[in-house]
Amino acid sequence: MGASQSAGTEHEFQDLADRTGFSLEQIGNINKRFRQLSNNEETLSREDLASIPALDNNPIRAQIINAFFDKRNLHQNETGTVQEIGFEEFLMVMTHFRPAAMGLTEEERENLRREKLRFLFNMHDTDSDGTINLEEYRRVVEELLSKAGTIGQETAKAIADAAMLEVASTTRGKMEPDEFYEGITFENFLQILNTFDIETRMHVRFLHMDTATLRCGKSK
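Residues numbered from 1 in each chain as written. Predicted model: local features only at pLDDT ≥ 70, side-chain atom pairs only at ≥ 80, totals over all residues. Heavy atoms only, no water.

Going by an unreviewed UniProt entry, the protein carries the name Calcineurin B homologous protein 3 and comes from Oncorhynchus kisutch. According to the UniProt record, the Sequence similarities (unreviewed entry) comment for the protein is "Belongs to the calcineurin regulatory subunit family. CHP subfamily." (UniProt positions renumbered as here; feature names shortened; annotations may be inferred.)

See below:
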């Protein structure tokens, strides 16, 4: 019975390795962390992630937690959220945090970069309409500045509005006084973060995992 169960787990891990590019050892380590977080249950809940002490003071704690339950990040080709995720879904989210493997072509590296930036974009496009609008942008800025303690809500709102106006001028050029700016599209997002070093910024330290060893894409 035990040998059969072990063989089944190994077969499942091999299938996941073929689909994600993770090695069997990496998948085993991630599975151990998943089991710790879920209290050895088959699924992980929002409450499980919310209980991680390292997330308590993170200004975008809510967005980070929601990202693990966002269907757009689970390779399901649909929008909306789920209440719980299994290990496979957890692993799919983890693929966004790995550095690129050695030996990838420029096209493959660019595709990985776009996937990671799409993940970041989804975190702030909370209504899944394909645009980060002013209200969503204000929310992020207010949460980031709230930790300063000395900045009030109105000041944070003014900073967010000014920053959004700067984004509009960068992506669309000069706008008329009465012209409405819908918000930041993903293409705008790529343009704004053109020189952003995503490889050194994407990490999951709150999970106590070394993402530097979880390389993305199969080495050649």
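That shown, we press on.
**Student:** Help me out: how do you make sense of the pattern of salt bridges in this one?
**Tutor:** A pair can form between side chains of opposite charge whenever their charged atoms are brought close. All chains considered together, the criterion is met by 8 salt bridges. Glutamate 42 serves as the salt-bridge partner of arginine 35, at 3.3 Å between the closest nitrogen and oxygen. Across the salt bridge formed by arginine 72 and aspartate 70, the nearest N and O atoms sit 2.6 Å from each other. The class for aspartate 70 is buried, based on a relative accessible area of 3%. (Salt bridge = Lys/Arg side-chain N within 4 Å of Asp/Glu carboxyl O. Buried < 20%, exposed > 50% of the residue type's maximum accessible area, 1.4 Å probe, protein only.)

**Student:** Honestly, the layout of surface pockets in this entry has me stumped. Any pointers?
**Tutor:** Unfilled space is identified by rolling a water-sized probe across the atoms. Volume-wise, the second largest pocket comes out at about 280 Å³. Residue lining of the second largest pocket: 13 residues in total, with Glu12, Phe13, Asn31, Arg35 and Phe87 positioned closest to the centre. Elements with a minimum of two residues in the lining of the second largest pocket: helix 1 (2-20), helix 2 (24-37) and helix 5 (87-94). Considering every element that reaches the lining of the second largest pocket, the biggest residue donor is helix 1, with 6 residues. (1 Å grid on protein atoms, 1.4 Å probe; cavity = no way out; pocket = protein on both sides within 12 Å on 5 of 7 lines; lining within 4 Å. Points joined across faces, edges and corners; volume = space filled by probe spheres on them. Helix = DSSP H or I, 4+ residues; strand = E, 2+ residues; numbered from the N terminus.)

**Student:** Help me understand helix 2 in this model?
**Tutor:** Residue pairs three or four apart in sequence face the same way in an α-helix, which turns once every 3.6 residues. For helix 2, which comprises 14 residues, the first-to-last C-alpha distance of 20 Å matches the rise-based estimate of 20 Å (1.5 Å per residue) to within 8%. Of the residues making up helix 2, those classed as buried are Gln26, Ile27, Gly28, Ile30, Asn31, Arg33, Phe34 and Leu37. A positive phi of about 55° marks asparagine 39, the residue just after helix 2. (Expected span 1.5 Å × (residues − 1).)

**Student:** When you look at the side chain of lysine 116 in this model, what are you seeing that I'm missing?
**Tutor:** When you line up the elements, lysine 116 lands in helix 6 (residues 106-124). Those residues within four positions of lysine 116 in sequence are excluded, and the remaining contacts are His96, Arg98, Pro99, Ala100, Ile198, Glu199 and Met202. (Contact = heavy atoms within 4.5 Å.)

**Student:** I would appreciate a short explanation of unusual backbone geometry in the present structure.
**Tutor:** Across residues other than glycine, the phi torsion is negative in most instances, and most of the peptide bonds are trans. Phi at asparagine 39 takes a positive value of approximately 55°, unusual for a residue other than glycine. Along the chain, asparagine 39 falls in the loop between helix 2 and strand 1 (43-45). The phi dihedral of asparagine 40 is positive, around 65°, even though this residue is not glycine. By secondary structure assignment, the location of asparagine 40 is in the loop between helix 2 and strand 1.

**Student:** Help me understand the environment of leucine 44 in this model?
**Tutor:** Residue placement: leucine 44 occurs in strand 1. Overall, leucine 44 belongs to the buried group, its relative accessible area being 0%. Each C-alpha atom of the pair leucine 44 and phenylalanine 90 lies 8.3 Å from the other, and the pair is 46 residues apart in sequence. Ignoring any residue separated from it by four or fewer positions in sequence, one finds leucine 44 in contact with Phe34, Leu37, Ser38, Leu49, Phe69, Gln83, Glu84, Ile85 and Phe90.

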